[in-house]
Amino acid sequence: MPTIALREISKRYGKGGARAVADLSLEVADGDFMCLLGPSGCGKTTTLRMIAGLENLTGGEIAVGDRLVDAAEQGVFVPPEKREMGLVFQSYALWPHLTIEGNTDFGLRLRKVPKAEREARVTKVMTTLGIEQYRHRYPSQLSGGQQQRVALARMLAVNPEVLLLDEPLSNLDARLRLEMRTELKRIHREFGTTIVFVTHDQWEAMTLATRIAVMNTGTLQQVGTPEDIYDRPANRFVAEFVGNPPINIVDPGGDDGLGRAAKAFLARRGGAARAVTSIGLRPEAIHLTRDTATLPAGDLCGEVTLSAVLPTGGSWILELVSEGQKLHATTHAAPVWQDGEPLHFHVAAEAVHLFDGEDARVELAETPGAEARIAG
């Protein structure tokens, strides 16, 4: 299957209007499960619709393999039905008067696929998705999760080169969403289809994607594997958007206890550390102890008071306070401390996220004095 290349594409609505997407360049490789992740209004759905051909580009170009399918300045535009892509909307858009079998083979009938081949394809895809037993029912007789499977089956039956999914799980309850995430992973593995998936749910992106493209206000913030996005966010926006509970942000210029702890940590680093204006601490990276003798040398350390323990079922969120400033930590072991107890915290140097005045990531080498800034 071909690679999808977006080259500095942009979309503006109306003359002089704000750009929904601004100079976005992105490559979706053959067999990728690419998630476009970001808050509402960031341009992710507009980007998906431009790939599908439902929106015209204002600028830039889109190529599928060696084939140019959209280029604003060159006047090239391949209509959606000729792009060999399948699109599943947030609303399932099933035909209510057709049976599940009729919905599934609808695209094959339009393409005039011979009956024997059509029936074989429909049976295979319905069996794979676990809906074969419902082939004679109508959409109104199925649950939301089953309807979602029918919408996917309809697209997979025509064997599209690319499958485009626009927040298809957002209408499902929590249990069905979990089941459908597993189903989508299996579909990607078994069919090998290139998938572009739009979501604002970070956990969907983290659990499904082979690569994630994080967007904000129409611009691309970072592209990488789920591990890259979480462990090495390119900027403060990515760090704060991905993670639950959210990352703690500490101001090393503050006069509170956390600020002084951050300042002391940076003072030991020297060089590029002087450009750091904010520090991010993931909740799970914060470790607590009563004994200062157990604090590892080189860690970011400070004093806090445990103000609340919040059980979540299988894990606990700990609210920590230092001179009015709050931190949140998480633990999978039952806490042994009491509310109001003074404690010491420490975070390993490699787990501390540093950002400069432009909110770009600052990467510090292991040896102080050999630092380098990584632009977001």
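Residues numbered from 1 in each chain as written. Predicted model: local features only at pLDDT ≥ 70, side-chain atom pairs only at ≥ 80, totals over all residues. Heavy atoms only, no water.

### Remarks on the sheet that holds strand β8 (residues 162-166)
Pairing between the strands of a sheet is mediated by backbone hydrogen bonds and can be parallel or antiparallel. Here 6 strands make up an open sheet; going across it, the order is β7-β8-β9-β3-β10-β11 and the pairing mixed. On the outer flanks of this sheet lie β7 (85-88) and β11 (219-224), each paired with one strand and no other. On average, adjacent strands in this sheet sit at an angle of 15° to one another, irrespective of strand direction. Across 5 bridges, β8 lies against strand β9 (residues 194-199) in parallel orientation. Directly across from D166, in β9, lies its bridge partner V198. In this fold helix α1 (residues 44-52) packs onto β3 (33-37), β7, β8, β9 and β10 (211-216), with an angle of close to 150° to the strand it touches most, β8. Running over the sheet, helix α5 (residues 144-157) touches β7 and β8 and is turned about 170° from β7. (Pairing = 2+ DSSP bridges. Helix = DSSP H or I, 4+ residues; strand = E, 2+ residues; numbered from the N terminus. Axes fitted to C-alpha atoms, helices over the stretch in contact; angles between N-to-C directions. Contact = heavy atoms within 4.5 Å.)

### Considerations on the nonpolar core
With 45 residues, the main nonpolar core has L152, L184, F197 and I212 as its most contacted residues. For this core, the leading source of residues is α5, giving 7 residues. Aside from chain neighbours lying at most four places away, what touches I212 is M34, C35, L37, A205, M206, Q222, V223, G224, P226 and I229. I279, L327, W337 and L354 belong to the second largest nonpolar core, which has 28 residues in total. (Core = buried A, V, L, I, M, F, W, Y, C linked by side-chain atoms within 4.5 Å. Buried < 20%, exposed > 50% of the residue type's maximum accessible area, 1.4 Å probe, protein only.)

### Remarks on the confidence of the model for the protein
Looking at the protein as a whole, the pLDDT averages 89, with 96% of positions reaching at least 70. Within the protein, the element-level pLDDT minimum falls on strand β21 (residues 372-373), averaging 41, and the maximum on helix α9 (residues 236-241), averaging 98. Scored below 50 in pLDDT, residues 367-376 shows 27 contacts in the model against residues more than four places distant or in partner chains. (pLDDT = per-residue confidence, 0-100.)

### Quick word on the packing of aromatic side chains
According to the stated counting rule, one finds 3 aromatic pairs in the structure shown. Measuring from centroid to centroid gives 6.0 Å for F33 and F197, while their planes differ by 45°, and the two rings are tilted. With a gap of 164 residues between them, F33 in strand β3 and F197 in strand β9 connect regions that are remote in the sequence. Comparing F33 with F197, the two get one shared label, buried. Geometrically, the ring pair formed by W95 and F106 is tilted, given 5.4 Å between the ring centres and 50° between the ring planes. (Phe/Tyr/Trp six-rings, centres within 6.5 Å; stacked < 30°, edge-to-face > 60°.)

### Some words on the sheet that holds strand β14 (residues 287-289)
Across the sheet, which stays open at both edges, the 5 strands sit in the order β14-β18-β15-β16-β17 with antiparallel pairing between neighbours. Both outer strands of the open sheet, β14 and β17 (325-331), are each paired with one neighbouring strand and no more. Strand-to-strand twist of the sheet, defined as the mean angle between neighbouring strand axes without regard to direction, takes the value 45°. Bridge count between strand β16 (residues 316-322) and β17: 7 bridges; the pairing is antiparallel. Paired with L318 across the two strands is A329, which belongs to β17. Across the sheet, helix α10 (residues 257-267) touches β15 (300-311), β16, β17 and β18 (342-347), and the angle it forms with β15 is around 135°.

### Some points on the pairing of β18
Extensive coverage of β18 is indicated by the burial of 5 of its 6 residues. Sheet topology note: the β14/β18 ladder contains 3 bridges and is antiparallel. Of the residues in β18, the one forming a bridge with H287 is H346.

### Some remarks on the side chain of E167
Mapped onto the fold, E167 is located in the loop between β8 and α6 (174-191). There is a polar contact of 2.7 Å between the side chain of E167 and the side chain of H200. Every residue in contact with E167, bar those within four places of it in the chain, is listed here: K44, Q90, V198, T199 and H200. (Polar contact = N/O pair within 3.5 Å; in protein donor to acceptor, adjacent residues only side chain to side chain.)

### Quick word on the environment of P39
Mapped onto the secondary structure, P39 falls in the loop between β3 and α1. A relative accessible area of 24% means that P39 is categorised as partly exposed. For P39 and N103, which are 64 residues apart along the polypeptide, the C-alpha to C-alpha distance reads 32 Å. Every residue in contact with P39, bar those within four places of it in the chain, is listed here: K44, M215, N216, F237 and F241.

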